Amino acid sequence: MRESATCDLRPVTCLHLGAAYYPEHWPEERWPEDIRLMREAGLTVARLAEFAWSTLEPAEGDFHLDWLDRAISALASASIATVLGTPTAAPPAWLVEQHPDLLAVDESGRHVQFGNRCHYCVNSPQFHAATRRIVGAMVERFGSNPHVIGWQLDNEYNRVCYCDRCRSLFQRYLAEKFGSLDALNAHWTTRYWSQTYSAWEQIPIPIGLHNPGLMLEFKRFVTESYRQFQRLQLDVLRPHLRPLLLVGGAGGGVWVTHNFMGWFDGFDHYALTEDLDLASWDWYVGTGHHDYLSSGAAHDLTRGFKRRNFWLMETQPGSVNWSAINNMLNKGEARAMAWQAVAHGADAVLYWQWRSALGGQEQYHGTLVDPSGQPRPFYEEAQQLGRDFAAVSSLLANSAVVSEVALLNSYDSRWAIQWQRHHRDFDYVAHFNHYYRPLAARNIAADVISADTPLDNYKLVIAPALLMLNESRAARLRDFVARGGHLVLTIRCGMKDDYNALLPSRQPGPLVDLAGVEIVEYYALLDPVPVAGEWFTGTSRLWAERLRVLDETGTQVIARYGESNGWLNGHPAVTVHPHGQGRVVFVGAYLDEVSQQSLLDRITSAAGVQPVMETPVGVEARRRVTAAGEEVFIAINHERAEQLMRLPWPAREHLSGQSVGEELRLAPYGVAVLTRLA
Ligand code: GAL
């Protein structure tokens, strides 16, 4: 049996490998074989029960929990810990029959159909009562079970409900927020198109495009609705759970999480994760292959929710069932992906799912074990990971990613831009990654954090399309630069207030003095326009902003537009302005990739930001630093060909247990976990 002493059931002290396991799909006589195979694959955790409501409570108040107890014990006897899901994403048929009204209503006013998932209205009191009952029963039984190390609430919140109850609650939310209709009407400029409201009851839920202020508040209301639903579950759970003691990264107790979906934008993830102990996410590639320069950003985003390590709660065991072409990842690619997650701060990687269910909507999804109960070819890759994780679990215990760069993310800016793209191809996340990728290509670690977070300890802060720039955000950025920080402001920065109204000033609004420039016009582009300067000669695509220098002596013009639409010709496109101890780069262009790389290379070098290590193209190097200060380097070859890289020092490679000189050979999709020798 695998030694599990170091995997002592804590959230941040161990590297877990696991899978979603649904023992309720199978006769109990089969469980020992599943568990044997899990152990042989090196699994240390299983995620149970997340959709098992109809098995756990087949009729109101009739709880059948013994089977789950037996499953948890059987897993524990093989040193496999359990994460329990609350099954609320799958309200059962009897409950829906009892309370048809708990079904969510879609945009066209129809109740959604029973039989898929997340079919509930998140604000339904009947659903809330049923949730309290099932979660209460589960936690009374399993809350103190030492083998249950954490809980996952629901599954991938995503539904938006348009029912009359939600509409009334939305109106009440607005009344509380704005205090008076006069205030609401003023913030939303409702005189426009005669939208003036004279009673709260007149305010609709936006369907499709609507008043930008109304749309923004509805997103906040959806966020608040899920937050309340989540709190309701937390309030039931927490009194029964051993409290967490997260001092200096050391844990104990039982954590609660939810499995988010990376860049999904249905609600403000910072608000929701505030109430959770741990952030986790589900990572799927779908059709095609993994692009490591962008996928690192989604890990960093999830790490940034709580600004500490996270779990990869689901990922694909080679293939999925729901994409256009459900191709299998190349042999070794999923292992490289798992290692990328760890390199970016994941303390666990769990596959979805263990074995193909014989029926149900996901029959063809990738699994570790096929419908016959035998391991699929992919099982071997998981087994390799099991060996990997066992080899370095204690080495990576209590280690974290340390970054000198932060990229600021804001859901309100993102929503507002997505609703009014102005150029159909302008995508907030793509633009965000346009700044992330050149850093990733140089192995420069970055935190992706909320634009409302303190900025201590960073050398460089990048604010991609930070459209909404209120005073507190502006003050934090001002202070950061005054203390010597390097700040990058980009196109679409500083245009709007907290209500999604345009600021009555030129971009970048409250940061004009800091930037030393103002934007006199923005242009959606039909064709790329030339941009050239000392650092690069290239083009701007999709978008261009015409900058006007305000501080003639201080501002350095880095690049200007060439001949294009006449309005841009010869005007500044990129500027640098010193301010206090620091400096501000304003990037008015959406540069081609080569120019963007040159720009970011200049910016990072001026800010004194260090790459983790130099690697050949296609090899990623990351670093986790333990509480004791030991640096652990992870090198991942994301290519199908062998790669040779030079190490700055001789090292110990912990997956093979070998010492390596200054030359490291990485097999296709190969991984090395290194510590410096001497
Ligand atoms: C996730 C979901 C899982 C499973 C998986 C399939 O979104 O949480 O339950 O359906 O997709 O890829």
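Rules used throughout
Residues numbered from 1 in each chain as written. Predicted model: local features only at pLDDT ≥ 70, side-chain atom pairs only at ≥ 80, totals over all residues. Heavy atoms only, no water. Helix = DSSP H or I, 4+ residues; strand = E, 2+ residues; numbered from the N terminus. Rg over C-alpha atoms; globule rule 2.2 N^0.38 Å. Buried < 20%, exposed > 50% of the residue type's maximum accessible area, 1.4 Å probe, protein only. Areas by Shrake-Rupley, 256 points an atom, 1.4 Å probe, with all protein chains shown as cover. Lys, Arg positive; Asp, Glu negative; His and termini not counted. Charge placed at Lys NZ, Arg CZ, Asp CG, Glu CD. Phe/Tyr/Trp six-rings, centres within 6.5 Å; stacked < 30°, edge-to-face > 60°. Lys NZ or Arg CZ within 6 Å of the ring centre and 35° of its normal. Salt bridge = Lys/Arg side-chain N within 4 Å of Asp/Glu carboxyl O. Pairing = 2+ DSSP bridges. Axes fitted to C-alpha atoms, helices over the stretch in contact; angles between N-to-C directions. Contact = heavy atoms within 4.5 Å. Domains from an automatic or database assignment. Buried area = accessible area lost by both parts, 1.4 Å probe. Polar contact = N/O pair within 3.5 Å; in protein donor to acceptor, adjacent residues only side chain to side chain. Nonpolar A, V, L, I, M, F, W, Y, C, P; charged D, E, K, R; others polar. Near = heavy atom within 4 Å. Parallel < 35°, antiparallel > 145°, perpendicular 65-115°, else oblique.

A. Looking closely at the overall build of the chain. Helices and strands together make up the secondary structure of the chain, namely 17 helices and 27 strands. The globule rule puts the C-alpha radius of gyration for 678 residues at 26 Å, and the 26 Å found for the chain is close to it. Of all 678 residues assigned to the chain, the portion counted as buried reaches 61%. Roughly 25500 Å² of accessible area belongs to the chain as shown, and the carbon and sulfur atoms make up 50% of that amount. Separation between the mean location of the 60 positive side-chain charges and that of the 76 negative ones in the chain comes to 2 Å.

B. Up close: the packing of aromatic side chains. One pass over the structure, following the stated rule, counts 39 aromatic pairs. For the pair Phe170 and Tyr173, a centre-to-centre distance of 6.4 Å together with 20 degrees between the ring planes defines the contact as stacked. Taken together, the residues Phe170 and Tyr173, both in helix α6 (residues 164-178) and three residues apart, mark about one turn of the helix. Grouping residues by exposure puts Phe170 and Tyr173 together as buried. Directly above the ring of Trp26 sits Arg355, whose terminal nitrogen or CZ lies 3.5 Å from the centroid.

C. Spotlight on the pattern of salt bridges. Within this structure, the stated rule accounts for 41 salt bridges. Its salt-bridge partner being Asp347, residue Arg624 comes within 2.7 Å of it at the nearest N-O pair. One end of the pair, Arg624, is in strand β21 (residues 619-626); the other, Asp347, is in strand β8 (residues 346-351), with 277 residues separating them in the sequence. Judged by its relative accessible area of 3%, Asp347 falls in the buried class. Connected through salt bridges with shared partners, the residues Lys177, Glu217, Arg220, Asp412, Asp452 and Arg473 form a single ionic network.

D. Structural view of the sheet that holds strand β24 (residues 651-653). Taken in spatial order, the six strands make up an open sheet running β9-β21-β22-β27-β24-β25, and their pairing is antiparallel. Each having just a single partner strand, β9 (399-401) and β25 (658-660) make up the two edges of the open sheet. The mean inter-strand angle of the sheet, taken between neighbouring strand axes irrespective of direction, is 35 degrees. This element, helix α11 (residues 333-343), spans β9, β21, β22 (631-637) and β27 (671-676) of the sheet and lies at about 150 degrees to β22.

E. Spatial organisation of the domain arrangement of the chain. As assigned here, the chain comprises domain 1 (16-159 + 225-392), domain 2 (164-212), domain 3 (405-607) and domain 4 (619-676). Of the roughly 460 Å² buried at the junction of domain 1 and domain 2 (both faces included), carbon and sulfur atoms supply 52%. Per-residue buried area on domain 1 facing domain 2 is highest for Glu107, Cys121 and Asn123; these three make up 74% of the total on that side. Taken together, the links from domain 1 to domain 2 amount to one salt bridge. The shortest N-O distance in the salt bridge between Arg165 and Asp101 comes to 3.0 Å. Here domain 1 is connected to domain 2 by one residue pair in polar contact (both at pLDDT 80 or more). Looking at the side of domain 1 that touches domain 2, its residues break down into two nonpolar, three polar and two charged.

F. Seen up close, the site of the ligand. The full set of residues close to the ligand is Phe51, Arg117, Asn155, Glu156, Asp282, Tyr284, Glu314, Trp322, Trp352, Glu362 and His365. In the environment of the ligand, an oxygen atom lies 2.7 Å from a nitrogen or oxygen atom belonging to the side chain of Arg117. Trp322 is positioned such that a nitrogen or oxygen atom in its side chain is 2.7 Å from an oxygen atom of the ligand. In the complex, the protein chains occlude 93% of the 310 Å² of accessible area that the ligand would expose alone. Tallied by class, residues from the shell around the ligand come to four nonpolar, two polar and five charged.

G. The arrangement of the sheet that holds strand β1 (residues 16-20) in detail. One closed barrel holds the eight strands; their spatial order is β1-β2-β3-β4-β5-β6-β7-β8, and the pairing between them is parallel. Strand-to-strand twist of the sheet, defined as the mean angle between neighbouring strand axes without regard to direction, takes the value 25 degrees. The sheet contact formed by strand β3 (residues 81-85) and strand β4 (residues 148-152) spans four bridges and is parallel. Within β4, the residue paired with Gly85 across the bridge is Gln152. Relative to the sheet, helix α10 (residues 292-306) contacts β6 (278-283) and β7 (310-315), its axis offset from that of β6 by approximately 160 degrees. Sheet contacts for α11: β6, β7 and β8; angle to β8, the most-contacted strand, approximately 150 degrees.

H. Representation of the packing of helix α1 (residues 31-41) against helix α12 (residues 378-396) in the model. α12 packs onto α1 with a crossing angle of 55 degrees between their chain directions and a minimal axis gap of 7 Å. Considering their axes alone, α1 and α12 lie oblique with respect to each other. Each of Leu37, Glu40 and Ala41 in α1 lies in contact with α12, whose residues at this interface are Tyr379, Ala382, Gln383 and Gly386.

I. Region of the structure containing the pairing of strand β10 (residues 405-409). Among the five residues of β10, five are classified as buried, and the element is accordingly described as predominantly covered. A two-sided burial pattern is seen for β10, the buried positions comprising Val405, Leu407 and Asn409 on one face and Ala406 and Leu408 on the other. Relative to strand β12 (residues 460-463), β10 runs parallel, the two being bridged by three bridges. Counted as the bridge partner of Leu407 is Ile462 from β12. Across five bridges, β10 lies against strand β11 (residues 446-450) in parallel orientation. Its bridge partner being in β11, Leu407 is matched across the sheet by Val448.

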